[in-house]
Amino acid sequence: MPRLFVFDAYGTLFDVHAAVIPLRGEIGAQTDRLSELWRQKQLEYSWVRALMGRYVDFWAITEAALDYAAARCGGLDPTTRQKLLTAYETLTPYPDARPTLARLKREGCATAILSNATEAMVRGAVSAAGLGPVLDAVLSVDPLRTFKTDPRGYALVEKQFGTPPADVTFVSSNRWDIAGAAAFGFGTVWLNRGGMPDEYHDLPPTRIVASLDALFDPEP
């Protein structure tokens, strides 16, 4: 088994749609649509900003994406908006997140997060979920003033651990992130929780799994 596993944070370890769940009563019938648009625009704004070279941090992008999604879904009152942003700071981890990280640690592997989020965002989520003891590093691309899939983001892993890309296993639920990591030279595991069709066929994942638990299954 490779000795270093690096995980994306949002959508991989943390459920990006968890913020809306307690607020369905306040948001109403458009709750699921709002959450999907929020995530879609969050990613879109990061890519556009990186391409333009007009960086703003991931928290500012998260706020702007929520405001757009709210406008498309009939609006939010200021109190509900703030509740959603507060909830995003402590997103719920998927049930398989902590057991997987803990098992990797028991088996002698190093574990890390590599995220587009600011360090404050991702460390807040890690702390709230109690994942700190099962992680060796939490890496944010924020100091680089860019976002993944910029290769400089993935290079933070080698800088932190001294591990060459070929000896890193990168795990993400985001297929675009897997493509970026594969282009950089990482071994990759696409966590395809939703059974989505493949894309970026010239940059295939090393492996595809439906849950983090499946990392420990024998490879076909």
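Presented here is an overview of the structure given in this document. No experiment lies behind these values; they were computed from the predicted model shown.

### With respect to the overall build of the protein
Right, on to step 1. When its secondary structure is counted, the protein shows eight helices and six strands.
Right, on to step 2. Starting at the N terminus and walking to the C terminus, you meet the elements of the protein as β-α-α-α-α-α-β-α-β-α-β-α-β-β.
Right, on to step 3. For a compact globule of 220 residues, the expected C-alpha radius of gyration is about 17 Å, and the protein comes in at 17 Å, within 12% of that figure.
Right, on to step 4. For the C-alpha atoms alone, the extent of the protein along its principal axes is close to 50 × 35 × 35 Å.
Right, on to step 5. Here the protein, with 220 residues, has 50% of them falling under the buried criterion.

### A look at the sheet that holds strand S5 (residues 187-191)
Backbone-to-backbone hydrogen bonds join strands into a sheet, with any given pair of strands oriented parallel or antiparallel.
Right, on to step 1. Taken in spatial order, the six strands of this open sheet run S3-S2-S1-S4-S5-S6, and their pairing is parallel. The open sheet has two edge strands, strand S3 (137-140) and strand S6 (207-209), and neither has a second partner. Sheet twist, expressed as the average angle between the axes of neighbouring strands with direction ignored, equals 25°.
Right, on to step 2. Direction of pairing for strand S1 (residues 4-7) relative to strand S4 (residues 168-172): parallel, over a ladder of four bridges. Bridge pairing in S4 places Phe5 opposite Thr169.

### Re the side chain of Thr100
Right, on to step 1. Mapping Thr100 onto the fold places it in helix H5 (residues 97-106).
Right, on to step 2. If near-sequence neighbours (up to four positions away) are discounted, Thr100 is found in contact with Leu212, Asp213, Leu215 and Phe216.

### Overview of the packing of helix H7 (residues 151-161) against helix H8 (residues 175-184)
Right, on to step 1. One can describe the packing of H7 onto H8 by two numbers: an axis separation of 10 Å at closest approach and a directional angle of 65°. Note on packing geometry: the crossing formed by H7 with H8 is right-handed. Only Asp177, Gly180, Ala181 and Phe184 of H8 make contact with H7, whose side of the interface consists of Pro151, Tyr154 and Ala155.
Right, on to step 2. Of the residues contributing to the contact of H7 with H8, the split by class is five nonpolar, one polar and one charged.

### Quick notes on the packing of aromatic side chains
Right, on to step 1. Summed over the entire model, instances satisfying the criterion amount to 12 aromatic pairs.
Right, on to step 2. Aromatic side chains Tyr10 and Phe14 sit 6.4 Å apart centroid to centroid with 50° between the ring planes, which places their arrangement in the tilted category. You'll find Tyr10 and Phe14 in the same group, each marked buried.
Right, on to step 3. Residues Tyr10 and Phe58 carry aromatic rings whose centres are separated by 6.3 Å and whose planes lie at 10° to one another, so their mutual orientation is stacked. Here Tyr10 is found in the loop between S1 and helix H1 (24-27), whereas its partner Phe58 is found in helix H3 (residues 58-72), with 48 residues between them in sequence.
Right, on to step 4. Given a relative accessible area of 3%, Phe58 falls into the buried group.
Right, on to step 5. Grouping aromatic residues by their ring pairs yields a cluster made of Tyr10, Phe14, Trp38, Tyr55, Phe58, Tyr88 and Phe147.
Right, on to step 6. One residue, Lys41, lies across the ring of Tyr68, its end atom 4.7 Å from the ring centre.

### So, unusual backbone geometry
Right, on to step 1. Here the residue pair Lys148 and Thr149 is connected by a cis peptide bond, since its omega of 25° sits within 30 degrees of zero.
Right, on to step 2. Turning to its location among the elements, Thr149 is positioned in the loop between S3 and H7.
Right, on to step 3. If you check the backbone angles, Tyr200 has positive phi at about 50° while not being a glycine.
Right, on to step 4. As for its placement among the helices and strands, Tyr200 is situated in the loop between S5 and S6.
Right, on to step 5. Overall, the relative accessible area of 37% leaves Tyr200 in the partly exposed class.

### Some points on H8
Right, on to step 1. Among the 10 residues that make up H8, seven are buried, leaving the element largely enclosed by the rest of the structure.
Right, on to step 2. By the burial criterion, the buried members of H8 are Arg175, Trp176, Asp177, Ile178, Ala179, Gly180 and Ala181.
Right, on to step 3. In this fold, the buried residues of H8 make contact with helix H2 (31-52), H7, S4 and S5.
Right, on to step 4. Two residues or fewer past H8, Gly185 is found with a positive phi of approximately 115°.

Quick notes on the rules
Residues numbered from 1 in each chain as written. Predicted model: local features only at pLDDT ≥ 70, side-chain atom pairs only at ≥ 80, totals over all residues. Heavy atoms only, no water. Helix = DSSP H or I, 4+ residues; strand = E, 2+ residues; numbered from the N terminus. Rg over C-alpha atoms; globule rule 2.2 N^0.38 Å. Buried < 20%, exposed > 50% of the residue type's maximum accessible area, 1.4 Å probe, protein only. Pairing = 2+ DSSP bridges. Axes fitted to C-alpha atoms, helices over the stretch in contact; angles between N-to-C directions. Contact = heavy atoms within 4.5 Å. Left-handed = near helix turned anticlockwise from the far one by under 90°. Nonpolar A, V, L, I, M, F, W, Y, C, P; charged D, E, K, R; others polar. Phe/Tyr/Trp six-rings, centres within 6.5 Å; stacked < 30°, edge-to-face > 60°. Lys NZ or Arg CZ within 6 Å of the ring centre and 35° of its normal.

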